[in-house]
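Each chain, written out:
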Amino acid sequence: MSEQPTDLREIVRQRYAAAALKVTTPLDVTDGGTGCCGPQPVEADDNFGSALYGADERDTLPAEAVAASLGCGNPTAVAELREGERVLDLGSGGGIDVLLSARRVGPTGKAYGLDMTEEMLALALANAENAGATNVEFLKGAIEAIPLPADTVDVVISNCVINLSTDKSAVFAETFRVLRPGGRMGVSDVVADDTLTPGQRAERGDYVGCIAGALSFAEYRQGLEAAGFTDIEITPTHSVADGMHSAIVRAGKPATAAGLVRGRRQGRPGVSPTRSATCDAS
């Protein structure tokens, strides 16, 4: 019997809670650890994690933010963030992309991070404080029901998280809803060749490992179009498994009223934040 969506979400939550705790828990010298050398990096192969960021970016961030990185790309490098913009990171984890975004948009801009895992939110808040970031805010919630009003942000980014959702159409609709007219998304995600069936994708890796739940290139495009997005580009960057790719996904929300009609019909009403935490190191 296949796993149900609620079971998969809990599995994902547990996995990322454990990752956050690994980063923040000192090594026990009785178990062979050194107990003295900073945070434990989360295990990941060369296709995932902090190695996908430049050394100049990693070296400017708290070690815990780098250690907790589990993404398949570097969305801040492709989102073309500009001074003064408001950015939302879906599935922000330990906060690496939020902190990088906050620096790119500067003090007149703002970077939001959204995550459903208490442990990751606590880690992200600590990392933001250590980095001295004052223009960031972390929200607790699901990416299928973003706790922000409509037309709130200029850019939505995400790093290998949308593939973990069991309701990707809701993610696309919510992303469209919170973007202002003329806004854009630039995410890194795992995408499958169109020739691979869902069963074949599952053979190449599990759901929580960002493989089994990945959409195909055609499915991804169709999902974005159904939500109302235009100017869709899906560009593979490197292979993560046979027929599975890390990809850069770009799309825009139309700026005109006529272009918004379809997306607004697909959209959902805004929801109030369940919890937010603003980091102010001042």
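Residues numbered from 1 in each chain as written. Predicted model: local features only at pLDDT ≥ 70, side-chain atom pairs only at ≥ 80, totals over all residues. Heavy atoms only, no water.

Q: Please give an account of the pairing of strand β8 (residues 244–252) that cites residues and values.
A: Note on strand geometry: in a regular strand, side chains alternate between the two faces of the sheet. Of all the nine residues making up β8, eight are buried; the element is thus mostly covered by neighbouring parts of the structure. Here strand β7 (residues 230–241) runs beside β8; their pairing, made up of eight bridges, is antiparallel. Looking at β8, one finds that S239 is bridged to H245. Between the antiparallel neighbours β7 and β8 lie two residues, among them G243 with a positive phi of about 80°. (Buried < 20%, exposed > 50% of the residue type's maximum accessible area, 1.4 Å probe, protein only. Helix = DSSP H or I, 4+ residues; strand = E, 2+ residues; numbered from the N terminus. Pairing = 2+ DSSP bridges.)

Q: Tell me what's going on with the nonpolar core, and back it up with residues and numbers.
A: Core analysis: the biggest nonpolar cluster contains 31 residues, and L88, Y220, L224 and F229 have the highest contact counts within it. Counting 10 residues, the second largest nonpolar core, distinct from the first, contains A102, L121, A128 and A133. (Core = buried A, V, L, I, M, F, W, Y, C linked by side-chain atoms within 4.5 Å.)

Q: I'd like a rundown of the pattern of salt bridges, residues and numbers included.
A: Throughout the structure, instances matching the rule amount to 10 salt bridges. E219 is the partner of R201 in a salt bridge, and the nearest nitrogen-oxygen pair spans 3.0 Å. Taken together, the residues span a long stretch of sequence, with R201 in helix α7 (residues 198–203) and E219 in helix α8 (residues 217–227) at a distance of 18 residues. Here E219 falls in the partly exposed class, since its relative accessible area comes to 30%. By sharing partners, the salt bridges in this structure join R82, E85 and R184 into a single network. (Salt bridge = Lys/Arg side-chain N within 4 Å of Asp/Glu carboxyl O.)

Q: Give me helix α6 (residues 168–178): which residues, what numbers.
A: The element α6 is largely enclosed, with a buried count of 10 among its 11 residues. Here α6 has its buried residues at K168, A170, V171, F172, A173, E174, T175, F176, R177 and V178.

Q: Summarise the pairing of strand β3 (residues 136–140); cite the residues concerned and give the values.
A: Most of β3 is tucked away, with four of its five residues classed as buried. Summarising the sheet, strand β2 (residues 110–115) and β3 pair through five bridges and their orientation is parallel. Among the inter-strand pairings, L114 is bridged to a residue of β3, identified as L139. Assessed by its sense of winding, the connection that carries the chain from β2 through helix α5 (residues 118–131) to β3 is right-handed. (Right-handed = clockwise from strand over helix to strand, strands pointing away.)

Q: Talk me through unusual backbone geometry; I want residue IDs and the actual numbers.
A: Not every positive phi belongs to a glycine, and D151 is a case in point at roughly 55°. Take D151: it is sitting in the loop between β3 and β4 (153–159). A relative accessible area of 33% means that D151 is categorised as partly exposed. For D231, which is not a glycine, the phi torsion comes out positive at approximately 50°. By secondary structure assignment, the location of D231 is in strand β7.

Q: Got a sec to walk through the packing of aromatic side chains? Specific residues and values, please.
A: A complete count under the given rule lists two aromatic pairs for this structure. Ring plane angle 50° and centroid distance 5.3 Å describe the contact between F172 and Y220, whose orientation is recorded as tilted. Placement of the pair is F172 in helix α6 and Y220 in helix α8, with a sequence separation of 48 residues. Taken individually, F172 and Y220 each receive the classification buried, so the pair is uniform in this respect. Geometrically, the ring pair formed by F176 and F229 is edge-to-face, given 5.2 Å between the ring centres and 90° between the ring planes. Separated by 53 residues along the polypeptide, F176 in helix α6 and F229 in the loop between α8 and β7 bring together distant segments of the chain. For the pair F176 and F229, a shared accessibility class is recorded, and that class is buried. Taking NZ or CZ as reference, K253 lies 4.9 Å from the ring centre of F176, over its face. (Phe/Tyr/Trp six-rings, centres within 6.5 Å; stacked < 30°, edge-to-face > 60°. Lys NZ or Arg CZ within 6 Å of the ring centre and 35° of its normal.)

Q: How would you explain the environment of R204 if you had to name every residue and give the values?
A: When you line up the elements, R204 lands in the loop between α7 and β6 (215–216). Along the chain, R204 and M244 lie 40 residues apart, while their C-alpha atoms are 8.3 Å from each other. Apart from residues lying up to four places away in sequence, R204 is in contact with L196, I211, A241, D242 and M244. (Contact = heavy atoms within 4.5 Å.)

The values reported here are purely geometric and, on their own, carry no functional implication.
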